[in-house]
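Observations on the model geometry
As a plain string of letters, each chain reads:
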Amino acid sequence: LLAGADAVVNLTGQGIAGRRWTPERRQLLRQSRLVPARTLTDVLRSMPTPPRVFIQISASGYYGQGGETELTEEAPGGRGFLAALVADWEEVSAPLAGISGIRRVVARLAPVWSNHGGAIPRLVFPFRFGLGGRLGDGSQWTSWIHLDDVARALIHLLVEPQALGVFNLAAPETVRNRDLARAIGRVLHRPAWLTVPAALLRLEMGELADEMLLASQRVKSDRLRQTGFAFAYPAVEPALRSLLTSGSAQAHSSMKMAP
């Protein structure tokens, strides 16, 4: 199937934040990432003329709890289930970096904002009923990227011959969770005064709460921008408006992406 292909982009992996991380769920999350990545790596290594580009999707969860630190691609890996999972995921395809003729790229995505799943529908739901607000004390930094910019960045990394190695994919503007809640409230014309206690999140979601909902990450994409990439949605509020206001959301859902 890959004979004659110019590039391979591996997007495979079960959604990480959909439910509590039970032992069975952890196993599924690992297998859905590691098995396809290993299969593709083995196949590409065996091909006499492999595709010239291999892009492995990864996640900013690699960095774990970042606190106030700005996280570049040189930042060390973090602790916890998610950080270990992402590190193993990236390591599987590492042998491709040493094969002549293959340009290997690892794209570490921040949480993707979209109307079609992911963080935004879950974040916005309580606001529509006037019950929105911050998670925990709201001081944690939130990194993110608009789905349109994900597609544009992947196209850019496919065709940019100097793109090699790890790239963070995160919008330039990071915000604290409490400020994100206020921005959602402004866009939807709803209050943003409630607080979801951290203890309640931990009770409901277990480790997922600490490693995703309450984790603080200030992910920087300077390396991507240095290759000439420009974000269509660099700031929080315009990105939210493109997704949450009725006219913009309808236009966004019908828009066709083109190289």
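Residues numbered from 1 in each chain as written. Predicted model: local features only at pLDDT ≥ 70, side-chain atom pairs only at ≥ 80, totals over all residues. Heavy atoms only, no water.

**Re the packing of helix α1 (residues 23-46) against helix α2 (residues 81-92)**
Let me state the cut-off plainly: Here an axis means a line fitted to C-alpha atoms, over the contact stretch when the element is a helix, while the angle between two N-to-C directions is reported on a 0 to 180 degree scale. Put simply, DSSP marks the helices as runs of H or I at least four residues long and the strands as runs of E at least two long, and each gets a number from the N terminus on. Any angle that is under 35 degrees is reported as roughly parallel, and any over 145 degrees as roughly antiparallel; angles of 65 to 115 degrees are reported as roughly perpendicular and all others as oblique. The handedness criterion is simple: a crossing whose near helix is rotated anticlockwise from the far helix by less than a right angle is left-handed, and one whose near helix is rotated clockwise is right-handed. Note on contacts: a residue pair is in contact if any heavy atoms of the two residues lie within 4.5 Å. Three residue categories are used. Nonpolar comprises Ala, Val, Leu, Ile, Met, Phe, Trp, Tyr, Cys and Pro, charged comprises Asp, Glu, Lys and Arg, and polar comprises the others, including Gly.
Two numbers describe how α1 lies on α2: the axes approach to 8 Å, and their chain directions differ by 15°. Comparing the axis directions of α1 and α2 gives the class roughly parallel. Pair α1 / α2 crosses with right-handed handedness. Where α1 abuts α2, its residues Arg26, Leu29, Arg30, Arg33, Leu34, Ala37, Arg38 and Thr41 lie against Phe81, Leu85, Asp88, Trp89 and Val92. For the contact of α1 with α2, the per-class residue count stands at seven nonpolar, one polar and five charged.

**What about the packing of aromatic side chains?**
Here is the rule we go by: When the centres of two rings from Phe, Tyr and Trp lie within 6.5 Å, Trp using its six-membered ring, the rings pair. Their planes under 30 degrees apart give stacked, over 60 give edge-to-face, and anything left gives tilted. The classification of residues rests on relative accessible area computed with a 1.4 Å probe and restricted to protein chains. Under 20% of the type maximum is buried, over 50% is exposed, and intermediate values are partly exposed. To sit over a ring, a charge needs its Lys NZ or Arg CZ within 6 Å of the ring centre and within 35 degrees of the ring normal.
For the structure shown, the criterion picks out five aromatic pairs. Judged by centre distance (4.3 Å) and plane angle (15°), the ring pair of Trp113 and Trp144 falls under stacked. Within this pair, whereas Trp113 is found in strand β5 (residues 112-113), its partner Trp144 is found in the loop between β7 (141-142) and β8 (145-146), the two being separated by 31 residues in sequence. Trp144 shares its class with Trp113; the two are buried. Over the aromatic face of Phe81 sits the side chain of Arg26, whose NZ or CZ is 4.7 Å from the ring centroid.

**Some remarks on the side chain of Thr41**
By the element assignment, Thr41 lies in helix α1. A residue is classified by how much of its surface remains accessible, and Thr41, at 2% relative accessible area, is buried. Once residues within four sequence positions are removed from consideration, Thr41 is found in contact with Val92, Ser93 and Leu96.

**Quick look at the environment of Ala215**
Mapping Ala215 onto the fold places it in the loop between α7 (207-213) and β12 (218-219). Along the chain, Ala215 and Gly66 lie 149 residues apart, while their C-alpha atoms are 7.4 Å from each other.

**So, the nonpolar core**
One recurring pattern in soluble globular proteins is that nonpolar side chains are buried together. The cut-off we apply is this: Buried residues of nine kinds, namely Ala, Val, Leu, Ile, Met, Phe, Trp, Tyr and Cys, make up a nonpolar core once their side-chain atoms join them within 4.5 Å.
Formed by 43 residues in total, the largest nonpolar core has its most connected members in Trp21, Ile55, Ala107, Leu157, Phe167, Leu169 and Leu224. When residues of this core are traced back to their parent elements, those giving at least two are α1, β2 (53-59), α2, β4 (103-109), α4 (147-159), β9 (165-169), α6 (198-205) and α7. Discounting chain neighbours no more than four positions away, the residues touching Phe167 are Glu73, Val105, Val106, Ala107, Arg108, Leu157, Arg223, Leu224 and Thr227.

**Overview of the sheet that holds β2**
Applied cut-off: At least two bridges found by DSSP between two strands is the condition for calling them paired.
Taken together, four strands build an open sheet; the order of strands is β1-β2-β4-β9 and the sheet is parallel. The outermost strands of the open sheet, each flanked by one partner alone, are β1 (7-10) and β9. Taking the axes of each pair of neighbouring strands and ignoring which way they run, one obtains an average angle of 20° across the sheet. α1 contacts β1 and β2 of the sheet and is inclined by roughly 165° relative to β1.

**Brief notes about the environment of Pro95**
Here Pro95 is to be found in the loop between α2 and β4. A relative accessible area of 35% places Pro95 in the partly exposed class. With 52 residues separating them along the chain, Pro95 and Leu147 place their C-alpha atoms 29 Å apart.

**A word on the pattern of salt bridges**
Short version of the rule: Take a side-chain nitrogen of Lys or Arg and a carboxyl oxygen of Asp or Glu: if they are within 4 Å of each other, that pair is a salt bridge.
Here the structure, examined in full by the defined rule, presents 12 salt bridges. We note a salt bridge from Asp6 to Arg52, for which the minimum N-O separation is 3.4 Å. In this pair, Asp6 sits in the segment before β1 while Arg52 sits in the loop between α1 and β2, placing the two residues 46 residues apart along the sequence. According to the relative accessible area criterion, Arg52 is exposed, its value standing at 54%. Among the salt bridges present, the one from Arg26 reaches Glu207, with a minimum N-O distance of 2.0 Å. Residue Arg26 is located in helix α1, and its partner Glu207 is located in helix α7; the two are separated by 181 residues in the primary sequence. Taking the relative accessible area as the measure of exposure, Arg26 reaches 22% and is therefore partly exposed. Several salt bridges converge on common partners, so that one network encompasses Arg186, Glu237 and Arg241.

By themselves, these figures tell us nothing about what the structure is for.
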